[in-house]
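So the chains spell out like this:
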Amino acid sequence: MQKKLFTSLLLVSSLVASSLTPGFNIKVPQQVMTPDKVETRLGTLNFYDGVSTDATIKKMYDNLDFMRGVEVFLNFIPATSIQGMMNGLASMGVEDYNEILITDKLLDSTPLFLTGNTDTVYAVSFFDLKENGPMVIEIPKGAGPGTINDAFFRFVVDTGAPGPDRKKGGTYIILPPNYKGELKPTPNTFADNHSTTAKINGETKKVWIAQSRSYTNWVILRGFLVDGKPNAADKMWRDGLKIYPLAKAANHKKMKFISGSKQDFNTIHANDYEFYVELNEVIQHEPIDLIEPQLRGLAAAIGIVKGQPFAPDARMKKILTESVAVANATARSIMFKPRDKQAYIYPNRFWITPFVGGDYRWLDGTGQAGRNLDARTLFFYQATVNTPAMALQIPGVGSNYGAIYREKSGDILYGSKTYKIHLPKNIPAKDFWSLTAYDPQTRSELQTDNLYPSINNKIAKLDYNKDGSVDVYFGPTAPKGHENNWIQTEPNKAWFLILRLYGPLTPWFDKTWQPGDLELLK
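In this report, we go over the structure that sits alongside the text. Quick caveat, the model's predicted, so the values are computed rather than measured.

**Quick look at the packing of helix H2 (residues 54-91) against helix H6 (residues 293-301)**
Then, number 1: Running from N to C, H2 and H6 cross one another at 130°; their axes reach a closest spacing of 9 Å. Here H2 is positioned oblique relative to H6, judged by the angle of their axes. Handedness of the H2/H6 crossing: left-handed. Residues Asp65, Arg68, Glu71, Val72, Asn75 and Phe76 of H2 touch H6, and the partners they reach there are Leu295, Leu298, Ala299 and Ala301.

Put into structure tokens, the structure is as follows:
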């Protein structure tokens, strides 16, 4: 009896022992363990009892630095885009608050400027709240859409048509991020536009007040054409636009306007290692809380830390050079062929919205998914000006856009080929509409024999179809009989197209009016 019991115990003990994980007193779940060899896209990773070998450790840190370099590029395009814009304006002599770049003869294709338009008279400048304290901006009556963005391309306030002054003109005060004075921000939306009063040069004035999260702020204002000409808008800005420090209201510098038309300058951030140098300039100048701690930590992981020099060693510089190459390719892939179904305006066409999800912060409307990072990349890699007016549906106010990168079959657009697009009658734009061709390399206006690669219905003498619709043609030469409705493209280059609606109307928002896809003509 005892012998049988002993034999049974040995058998049970043997069975238990065979079910144990070697080296453990228990059965360890397989998902907890790390094999001695793991095959990955980076090659074979080697371990001894879960401890990485020296070769694997080196490979993993190289990969970690590489991944963080990619993420820094994708997350900080907004910051370097503002820096690139500021550098470009400085090259034109726009370096102080009173200096304005004005496209008095419109923005042609000579400068590099992310998807700028040929349809309005831009007035563009920067001011520094660290250097000057609260700033005053006087917007003239009749101004079109205007926006102020901070150093991370976040919205500060709208002016003019979509702003609280509603195109009637008015005075704005922008407060620094660390402002501790008596002035308080006011509601500054088109719908909620309660102003307040403030003393400016001893005089009590009606004002709208906004507070920026950064020292550097970008001012981008647009004036509409009159009778298809820029003269009236040019005069409006030169006579009525004033920007000056509140503290120097009595003796501020005289406004200086510098023409940006037909001038060669670059406002676009780098797509190579210099991207990180540009970002470092932003981080060093701006307050520490320009960005939240996790993003600061991401930049710090590759050596960009406020108050410290950015000086990567040869190994790190080599890794970052590869990181930015892959990140740039990623951004281009997101832009030119989005995989997010929300990016497509219509389910059966290739038209893309720049504001995916309909939120200027790229936040998910349900609150469940957080920020749509790819949507933010899609926008900032190709565009500037961040305002709720571009994302909100306010019929007859502001502007709205559709972009298209491919023709009806799904192929990209070749400059050597000829295409046609059909726009049905009653194009839903209260003010005007336009089509502009862009270069995929620079995301700027396409450079051809024509300085203005666009058609604007207030300028062009278009030939309309009998039903009121219009067909527009694209190609290296104008199709016979369609010269008035033609935008030139460049052989041996690709291109893409943006439709702009100023004062978009309800049929655009409810999609009862839909532009056709681009059709390749044989």
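**Description of the pattern of salt bridges**
Then, number 1: Summed over all chains, the structure comprises twelve salt bridges.
Then, number 2: Close ionic contact of Asp65 with Arg315 constitutes a salt bridge, the shortest N to O distance being 2.6 Å. Separated by 250 residues along the polypeptide, Asp65 in helix H2 and Arg315 in helix H7 (residues 314-336) bring together distant segments of the chain.
Then, number 3: On the basis of relative accessible area, Arg315 is assigned to the partly exposed category, the value being 36%.
Then, number 4: Between Lys235 and Asp239 there is a salt bridge; the shortest N-O distance is 2.6 Å. Highlighted residues: Lys235 and Asp239, both in helix H4 (residues 231-240), separated by four residues, approximately one helical turn.
Then, number 5: You can call Lys235 exposed: its relative accessible area is 53%.
Then, number 6: Using a relative accessible area of 47% as the deciding quantity, one classes Asp239 as partly exposed.

**Structural notes on the packing of aromatic side chains**
Then, number 1: All told, the structure shown has 25 aromatic pairs when counted by the stated rule.
Then, number 2: Relative to Phe380, the ring of Trp362 lies with its centre 5.2 Å away and its plane at 55°, an arrangement referred to as tilted. Of this pair, Trp362 sits in the loop between H7 and helix H8 (373-380) while Phe380 sits in helix H8, and the two are 18 residues apart along the sequence. Assigned by exposure class, Trp362 and Phe380 land together as buried.
Then, number 3: Taken together, the ring pairs connect Phe153, Trp218, Phe355, Trp362, Phe379 and Phe380 into an aromatic cluster.
Then, number 4: Its end group placed over the ring of Tyr381, Arg443 keeps NZ or CZ at 3.9 Å from the ring centre.

**A short note on H2**
Then, number 1: Taking 1.5 Å per residue, 38 residues should reach 56 Å; H2 reaches only 49 Å between its end C-alpha atoms and comes up short.
Then, number 2: The largest bend in H2 comes to about 65°, at Phe76, with the proline Pro78 one to four residues further on.

**Some points on the environment of Leu175**
Then, number 1: Residue position: Leu175 is located in strand S9 (residues 170-175).
Then, number 2: For Leu175 and Gly240, which are 65 residues apart along the polypeptide, the C-alpha to C-alpha distance reads 22 Å.
Then, number 3: Setting aside chain neighbours within four positions, we find Leu175 in contact with Leu129, Pro134, Leu183, Pro185, Ile209, Ala210, Gln211 and Ser212.

**Considerations on the sheet that holds strand S20 (residues 470-475)**
Then, number 1: The four strands are arranged S21-S20-S17-S23 in an open sheet whose pairing can be described as mixed. Edge positions in the sheet fall to strand S21 (486-488) and strand S23 (519-521), since each of these pairs with one other strand and no more. Across the sheet, the mean angle from the axis of one strand to that of its neighbour is 30°, orientation sign disregarded.
Then, number 2: Direction of pairing for S20 relative to S21: parallel, over a ladder of three bridges. Looking across to S21, one finds that Gly475 is bridged to Gln488.

What counts, and where the lines are drawn
Residues numbered from 1 in each chain as written. Predicted model: local features only at pLDDT ≥ 70, side-chain atom pairs only at ≥ 80, totals over all residues. Heavy atoms only, no water. Axes fitted to C-alpha atoms, helices over the stretch in contact; angles between N-to-C directions. Helix = DSSP H or I, 4+ residues; strand = E, 2+ residues; numbered from the N terminus. Parallel < 35°, antiparallel > 145°, perpendicular 65-115°, else oblique. Left-handed = near helix turned anticlockwise from the far one by under 90°. Contact = heavy atoms within 4.5 Å. Salt bridge = Lys/Arg side-chain N within 4 Å of Asp/Glu carboxyl O. Buried < 20%, exposed > 50% of the residue type's maximum accessible area, 1.4 Å probe, protein only. Phe/Tyr/Trp six-rings, centres within 6.5 Å; stacked < 30°, edge-to-face > 60°. Lys NZ or Arg CZ within 6 Å of the ring centre and 35° of its normal. Expected span 1.5 Å × (residues − 1). Bend = angle between axes of the 7 residues up to and from the residue. Pairing = 2+ DSSP bridges.

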